[in-house]
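Spelled out, the chains give:
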Amino acid sequence: MQKLLGTIRSKILVGYVSILIITLCSAFPLLTSNHEVKQQVSGFVNITIPTLANIRKMSDQIRQLELKAYSYYGYTASADEFEQNFNLLSVELKRELSLLDEHKDVVALADYFLALSTLSETLSQANVDWEKARQQLSNMSSESVTLTDKLNTLTELMSEQAQVSSNQILDELATSNTLLLLLLFLLLAVAILAYFFSNKMVAIPIKGLAYKVETMSTNRDLSMRLEINSADEIGRVAVSLNSLISLINGGMQDVAQVVNNIDAEVGSLMKTSSDAD
């Protein structure tokens, strides 16, 4: 650990790497949650909404066919007009049914089309059996009600699924917001820790070093030594300054010793000269 934090550069690098790791660890679940939200929204937009729209169209087309059949029965619509509308709406119904995908087996159109066909065949005869036609019209209405009920049940099912998807999307968004707040909290915590760490490991030692040097300069005291509390650049500067101060102090002591020796020699010579006189 001491080797890892042996320099100021390595300490700064460790700080940045810590922030990066915490950011990545927090961002991964956030990205996962956003991906799930995207899938939920995609399913809702691409499946649920189109399916509900297809069901509404089918209900409208069944209602139109039923009205055309009653019009044909009441002679307010001709055989050609009914046949044309029947063929057109039948094609549209089959197309909408094919778009229901896995739900298309729930809605069976064969019996409904058969009831319409037999009614059309009975009404197109020269001598119409009105009792038979009335019974067939009733059967067609029953098939229409059955299809409408199935479509309504399917609508309720899709609506429930849409509600579940909506709740899941809201839950995932709430989770994403929680993760985002957690990420911001962690980044804030790391920033605070980085401040205290840099203040303790860099700023305070530099301030202490500057204070010692200023005190030494002010008092002209070369006997003072700088404290060495780390092996980083600040610690190496303190070692180098201590060596330089020791060298200067030693040189000054040597100079003082030489001066003292010279003073002693001068005093000795002056004493010898006085004795000679």
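See the structure printed just above.
Residues numbered from 1 in each chain as written. Predicted model: local features only at pLDDT ≥ 70, side-chain atom pairs only at ≥ 80, totals over all residues. Heavy atoms only, no water.

**Observations concerning helix α2 (residues 79–98)**
For α2, which comprises 20 residues, the first-to-last C-alpha distance of 28 Å matches the rise-based estimate of 28 Å (1.5 Å per residue) to within 8%. For α2, the full list of buried residues reads F82, N85, F86, L89, S90, L93, E96 and L97. Down the axis of α2, the smallest arc covering the buried residues is 135°, so these residues share one side. Opposite its buried face, α2 presents the exposed residues D80, Q84, V91 and K94, each directed more than 90 degrees away. (Helix = DSSP H or I, 4+ residues; strand = E, 2+ residues; numbered from the N terminus. Expected span 1.5 Å × (residues − 1). Buried < 20%, exposed > 50% of the residue type's maximum accessible area, 1.4 Å probe, protein only. Arc of directions from axis to C-beta.)

**Regarding the pattern of salt bridges**
Oppositely charged side chains may form a pair once their charged atoms are brought near each other. Across all of its chains, the model carries three salt bridges by this definition. One salt bridge connects R95 with E96, and the closest N-O pair in it is separated by 3.9 Å. Given a relative accessible area of 43%, R95 falls into the partly exposed group. Note that R134 is salt-bridged to E131, the shortest N-O span being 2.6 Å. Residue R134 and its partner E131 are located together in helix α4 (residues 130–219), separated by three residues, close to a single helical turn. (Salt bridge = Lys/Arg side-chain N within 4 Å of Asp/Glu carboxyl O.)

**Focus: the side chain of Q136**
Structurally, Q136 can be placed in helix α4. On the basis of relative accessibility, which here comes to 12%, the residue Q136 falls in the buried class. Residue contacts for Q136: discarding those within four places in its chain leaves T118, L119 and T122. (Contact = heavy atoms within 4.5 Å.)

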